[in-house]
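Summary of the model geometry
So you can see what is in the structure, the chains are spelled out below.
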Amino acid sequence: MSAETEGKVDFKVGSETYQTWYKTYGDIKNSKHRPVVVVHGGPGMSHHYLLPHKAIYEKLGIPVLFYDQIGNGASSHCPDVPKEFWTPELFMDELDNLLNTLGISYDFDLLGQSWGGMLGAQYAGTRLPKGLKRLIISNSPASVPLMVKGTEMLLSKFSPDFVETVRKHEAAGTYNDKEYQDATQVFYRKHICTTDPWPEELNATFACAIANPTIYHAMLGPSEFSIIGSLKDWSIVDILHKIAYPTLLISSTEDEVQELSVRPFFLKIPKIKWVEFQNSSHLPAFEEPERYFQVLFNFLTEVEA
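Report on the accompanying structure. (Residues numbered from 1 in each chain as written. Predicted model: local features only at pLDDT ≥ 70, side-chain atom pairs only at ≥ 80, totals over all residues. Heavy atoms only, no water.)

Concerning the overall build of the protein
Scanning the protein for helices and strands turns up 11 helices and eight strands. The C-alpha radius of gyration computed for the protein amounts to 18 Å, which stays within 12% of the reference 19 Å derived for 305 residues, consistent with globular compactness. With respect to the three principal axes, the spread of C-alpha positions in the protein is 55 × 45 × 40 Å. Sorting the 305 residues of the protein into buried and exposed places 57% on the buried side. Long-range pairs, those at least 24 residues apart, make up 74% of the contacts in the protein between residues at least 6 apart in sequence. (Helix = DSSP H or I, 4+ residues; strand = E, 2+ residues; numbered from the N terminus. Rg over C-alpha atoms; globule rule 2.2 N^0.38 Å. Buried < 20%, exposed > 50% of the residue type's maximum accessible area, 1.4 Å probe, protein only. Contact = heavy atoms within 4.5 Å.)

The structure is reproduced here in structure tokens:
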């Protein structure tokens, strides 16, 4: 493969066949380095905001694989499926299919950010993939109920009028009202990404999600602080001890994913290193890029015992 390659792989679900779009930097099959598979957030976002991670290839020569989970981005959008179609198991099946089809399931590292880290950790703890060598969980909760508690703490620091506006629209179900949408943007610019303006790659990802919010609404809800979708009770705290791979855990003090929902990873995964960024929210790759990538590079190049 050349330095940069795009393609699609078929993904069969029942009697239907969908397509997963992917992009690689470097030769993922024939490099002397093990590839890093990057799993994006959402659910229902796209790979674009994670593209700065191509620096793993550019700086270290380690091949990187990005992909769009089905339902958004350049993968199949599946507009006619019921909301029950969207499950963590579906996306784990898709990941398995992608790795097997591309021929790298026997040897790879996995980096998941936000929902991608939730999915990656669940994948590692339930599928126990033999080819996985290292796991990176970036700005992800181990439990959505714990994440919600953290979000409530963050909301309580806003003005009473702000909180009243949010609660008013949640009670009425008027999530599309401009007042509520404006409130979400205020929250996101404090606890999702604090750079001003937002990076082009992040805007591209949000454009995908806004154009096709089906999965996000089905699995999460109308906003990051109103989680009423199918993931509202999601937790993998009870299986974290099964994750036997060397793991890097990344969090940030101003992240919507607060420490109480991150801590179970550290307490229960046997081989884990936890790095917290003091000047970032949900996306330290944009907010503290120099330190973030140095932490990442150090972990990926450590000699395994």
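Some thoughts on the side chain of Gln113
Along the polypeptide, Gln113 turns up in strand 5 (residues 108-113). Separated by 3.1 Å, the side chain of Gln113 and the backbone oxygen of His282 make a polar contact. Look past the residues within four positions of Gln113 in its chain and what remains in contact with it is Val39, His40, Gly41, Tyr49, Leu50, Ser138, Asn139, Ser140, His282 and Leu283. (Polar contact = N/O pair within 3.5 Å; in protein donor to acceptor, adjacent residues only side chain to side chain.)

A word on helix 2 (residues 88-102)
In this model helix 2 runs 21 Å from its N-terminal to its C-terminal C-alpha over 15 residues, within 8% of the 21 Å that 1.5 Å per residue would give. Listed in full, the buried residues belonging to helix 2 are Pro88, Leu90, Phe91, Met92, Glu94, Leu95, Leu98, Leu99 and Leu102. Of the residues one or two after helix 2, Gly103 is the one with positive phi, at around 75 degrees. (Expected span 1.5 Å × (residues − 1).)

Things to note about the packing of aromatic side chains
Enumeration according to the criterion identifies 17 aromatic pairs in this entry. For the ring pair Phe187 and Tyr188, a centre distance of 6.4 Å and an interplane angle of 70 degrees mean the geometry is edge-to-face. One exposure class covers both Phe187 and Tyr188, and it is buried. Directly above the ring of Trp198 sits Arg189, whose terminal nitrogen or CZ lies 4.6 Å from the centroid. Over the face of the ring belonging to Phe277 we find Arg291, whose NZ or CZ atom lies 4.6 Å from the ring centre. (Phe/Tyr/Trp six-rings, centres within 6.5 Å; stacked < 30°, edge-to-face > 60°. Lys NZ or Arg CZ within 6 Å of the ring centre and 35° of its normal.)

Here's the deal with the packing of helix 4 (residues 144-155) against helix 9 (residues 259-268)
Contact geometry of helix 4 with helix 9 gives a least axis separation of 7 Å together with a crossing angle of 145 degrees. Here Leu146, Met147, Lys149 and Gly150 of helix 4 lie close against helix 9, whose contacting residues are Leu260, Ser261 and Pro264. Residues of the contact of helix 4 with helix 9, tallied by class, amount to four nonpolar, two polar and one charged. (Axes fitted to C-alpha atoms, helices over the stretch in contact; angles between N-to-C directions. Nonpolar A, V, L, I, M, F, W, Y, C, P; charged D, E, K, R; others polar.)

Details of the packing of helix 2 against helix 3 (residues 115-126)
Where helix 2 meets helix 3, the axes come as close as 10 Å, and the angle between the chain directions of the two elements is 75 degrees. One way to sum up the angle between helix 2 and helix 3 is to call them roughly perpendicular. Contact with helix 2, carried on its side by Pro88, Glu89, Phe91, Met92, Leu95, Asp96 and Leu99, involves Trp115, Leu119, Gln122, Tyr123 and Thr126 of helix 3 and no other residues of that element. Per-class residue counts for the contact of helix 2 with helix 3 are eight nonpolar, two polar and two charged. (Parallel < 35°, antiparallel > 145°, perpendicular 65-115°, else oblique.)

A word on unusual backbone geometry
Backbone torsion omega between Gly42 and Pro43 reads -5 degrees, so that peptide bond is classified as cis. When you line up the elements, Pro43 lands in the loop between strand 3 (36-39) and helix 1 (55-60). Residue Pro197 is bonded to the preceding Asp196 through a cis peptide linkage, with omega at 0 degrees. The topology assignment puts Pro197 in the loop between helix 6 (178-191) and helix 7 (200-211).

Let's talk about the pattern of salt bridges
Two side chains that carry opposite charge are able to pair once their charged atoms sit near each other. The tally for this structure, following the rule as stated, stands at 12 salt bridges. A salt bridge links Lys133 to Asp107; the nearest nitrogen and oxygen atoms lie 3.3 Å apart. Separated by 26 residues along the polypeptide, Lys133 in strand 6 (residues 132-138) and Asp107 in the loop between helix 2 and strand 5 bring together distant segments of the chain. On the basis of relative accessibility, which here comes to 23%, the residue Asp107 falls in the partly exposed class. Asp182 serves as the salt-bridge partner of Lys178, at 2.7 Å between the closest nitrogen and oxygen. Of this pair, Lys178 and Asp182 both sit in helix 6, four residues apart, roughly one helical turn. (Salt bridge = Lys/Arg side-chain N within 4 Å of Asp/Glu carboxyl O.)

Thoughts on the sheet that holds strand 5
Either a parallel or an antiparallel arrangement is found when strands of a sheet pair, and the pairing is made through backbone hydrogen bonds. Pairing is mixed in the open sheet, where eight strands are placed in the order 1-2-4-3-5-6-7-8. The open sheet terminates on both sides in strands that have one partner only, identified here as strand 1 (4-13) and strand 8 (272-277). With direction set aside, neighbouring strand axes in the sheet form an average angle of 20 degrees. Bridge count between strand 6 and strand 7 (residues 247-252): four bridges; the pairing is parallel. In the sheet register, Leu135 faces strand 7, and the bridge partner there is Thr247. The sheet contacts of helix 9 involve strand 6, strand 7 and strand 8, and relative to strand 8 the element is tilted by about 160 degrees. Where helix 11 (residues 289-300) meets the sheet, it contacts strand 3, strand 5, strand 6, strand 7 and strand 8, and its direction lies at approximately 160 degrees from that of strand 6. (Pairing = 2+ DSSP bridges.)

A word on the side chain of Ser46
Along the chain, Ser46 turns up in the loop between strand 3 and helix 1. Looking at Ser46, its side chain comes within polar contact range of the side chain of His48, at 2.6 Å. With residues up to four places along the chain from it excluded, the contact list for Ser46 reads His40, Asp68, Gly73, Ala204, Thr205 and Cys208.

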